[in-house]
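Survey of secondary and tertiary structure
Given next are the chains, with one letter for each unit.
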Amino acid sequence: MSEARRFLARAEALCAERGVRLTAQRRRVLEILWAAERPIGAYEILEAMGGGRRALAPPTVYRALD
């Protein structure tokens, strides 16, 4: 299992322990953070998530990070 897969599996386990789901959106935020080579902010995450397809707002990212 790759390091990224282990990271996501651990995130899923933590979500389950806390009674929340690792939604597709949460998973995508984690994937973006994992792939980043430096700390990135909510607006950069939004840009990577949206890809120009649909409008997302900063609270979307903040909720996913919470």
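Note that the structure is predicted; figures quoted are calculated from it, not measured.

So, on to the overall build of the chain. In terms of regular secondary structure, the chain is built from 4 helices and 0 strands. The contacts in the chain between residues at least 6 apart in sequence include a share of 25% that link residues at least 24 apart.

With that out of the way, let us pick up the environment of Glu47. Relative to the elements of secondary structure, Glu47 occurs in helix H3 (residues 42–50). Distance from Glu47 to Pro59, taken between C-alpha atoms, is 13 Å for residues 12 residues apart in sequence.

We now examine the pattern of salt bridges. According to the stated counting rule, one finds 4 salt bridges in the structure shown. Linking Glu17 and Arg10 is a salt bridge whose minimum nitrogen-to-oxygen distance equals 3.8 Å. Judged by its relative accessible area of 60%, Glu17 is exposed. Relative accessible area serves as the criterion here: at 47%, Arg10 is assigned to the partly exposed category. Of the charged contacts in the structure, one is a salt bridge between Arg38 and Glu44, with a shortest N-O distance of 2.5 Å. Of the residues examined, Glu44 reaches a relative accessible area of 35% and is grouped as partly exposed.

Following the criterion strictly, the structure yields 1 aromatic pair and no others. For the ring pair Phe7 and Trp34, a centre distance of 4.5 Å and an interplane angle of 25° mean the geometry is stacked. A residue pair is termed long-range when its members are at least 10 positions apart, and Phe7 in helix H1 (residues 3–17) and Trp34 in helix H2 (residues 24–35) qualify at 27 residues. Taking relative accessible area as the criterion, Phe7 reaches 29% and is therefore assigned partly exposed. On the basis of relative accessibility, which here comes to 37%, the residue Trp34 falls in the partly exposed class.

Time to look at the confidence of the model for the chain. Here the chain shows a mean pLDDT of 87. Residues at 70 or above account for 92%. Confidence scores differ between elements of the chain, with helix H4 (residues 58–65) showing the lowest mean pLDDT of 84 and H1 the highest of 92.

Calculation rules
Residues take numbers from 1 onward in each chain, read along the sequence in its written order. Predicted model: local features are reported for residues with pLDDT of at least 70 only, side-chain atom pairs are reported and counted for 80 or more only, and whole-chain, interface and lining totals are derived from all residues. Side-chain numbers come from the whole structure's heavy atoms, not from hydrogens or water. By the criteria applied, helices consist of DSSP H or I runs no shorter than four residues and strands consist of E runs no shorter than two, each listed in order from the N terminus. The contact criterion used throughout is that any non-hydrogen atoms of two residues lie within 4.5 Å. Here, a salt bridge means any Lys or Arg side-chain nitrogen found within 4 Å of an Asp or Glu carboxyl oxygen. Only protein chains enter the accessibility calculation, which uses a 1.4 Å probe; a residue is then buried when its area is under 20% of its type maximum, exposed when over 50%, and partly exposed in between. Pairing of aromatic rings covers Phe, Tyr and Trp, the last counted by its six-membered ring, and requires centre-to-centre distances within 6.5 Å; plane angles under 30 degrees mean stacked, over 60 mean edge-to-face, and any other angle means tilted. Summary of the metric used: pLDDT quantifies the predictor's per-residue confidence within the range 0 to 100.

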